Amino acid sequence: MLAFLAANIGTILVEAALLAVVLLIIAKLIRDKRQGKHTCSGSCGGCSGCGGGCHSPKRE
């Protein structure tokens, strides 16, 4: 087991770093969604994600 870890430490560290980045991105997306932020920044001019309609203002 120790030999396997020693032989693959570089791969394990890179995979752990990539997994951390992906988890941080997902957490940011969830946090933004809960706060009512939109991926198109609410500027609805040329956003294909919101179908050309405008977002309702966030209620305080």
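Residues numbered from 1 in each chain as written. Predicted model: local features only at pLDDT ≥ 70, side-chain atom pairs only at ≥ 80, totals over all residues. Heavy atoms only, no water.

1. Description of the overall build of the chain
Part 1 of the argument: Along its length, the chain carries two helices and zero strands.
Part 2 of the argument: The burial tally for the chain puts 8% of its 60 residues in the buried class. (Helix = DSSP H or I, 4+ residues; strand = E, 2+ residues; numbered from the N terminus. Buried < 20%, exposed > 50% of the residue type's maximum accessible area, 1.4 Å probe, protein only.)

2. Focus on the pattern of salt bridges
Part 1 of the argument: One pass over the full model with this rule turns up one salt bridge.
Part 2 of the argument: Note that Asp32 is salt-bridged to Lys28, the shortest N-O span being 3.0 Å. Within this pair, Asp32 and its partner Lys28 are both found in helix α2 (residues 9-34), separated by four residues, close to a single helical turn.
Part 3 of the argument: For Lys28, a relative accessible area of 40% corresponds to the partly exposed category. (Salt bridge = Lys/Arg side-chain N within 4 Å of Asp/Glu carboxyl O.)

3. Considerations on α2
Owing to its 3.6 residues per turn, the α-helix aligns residues three or four sequence positions apart on the same side.
Part 1 of the argument: Across its 26 residues, α2 extends 37 Å between first and last C-alpha, which sits within 8% of the 38 Å expected from 1.5 Å per residue.
Part 2 of the argument: Two residues or fewer after α2 comes Gly36, characterised by a positive phi angle close to 85°. (Expected span 1.5 Å × (residues − 1).)

4. Considerations on a nonpolar patch on the surface
Part 1 of the argument: A surface patch of nonpolar side chains, about 570 Å² in accessible area, is lined by Met1, Leu2, Phe4, Leu5 and Ile12.
Part 2 of the argument: Top contributing element to the nonpolar patch by residue count: helix α1 (residues 2-7), with three residues.
Part 3 of the argument: Note that Leu5 resides in helix α1.
Part 4 of the argument: For Leu5, a relative accessible area of 34% corresponds to the partly exposed category. (Patch = residues over 30% accessible without salt bridge, like charges linked within 9 Å, V, L, I, M, F, W, Y side chains within 5 Å. Areas by Shrake-Rupley, 256 points an atom, 1.4 Å probe, with all protein chains shown as cover.)

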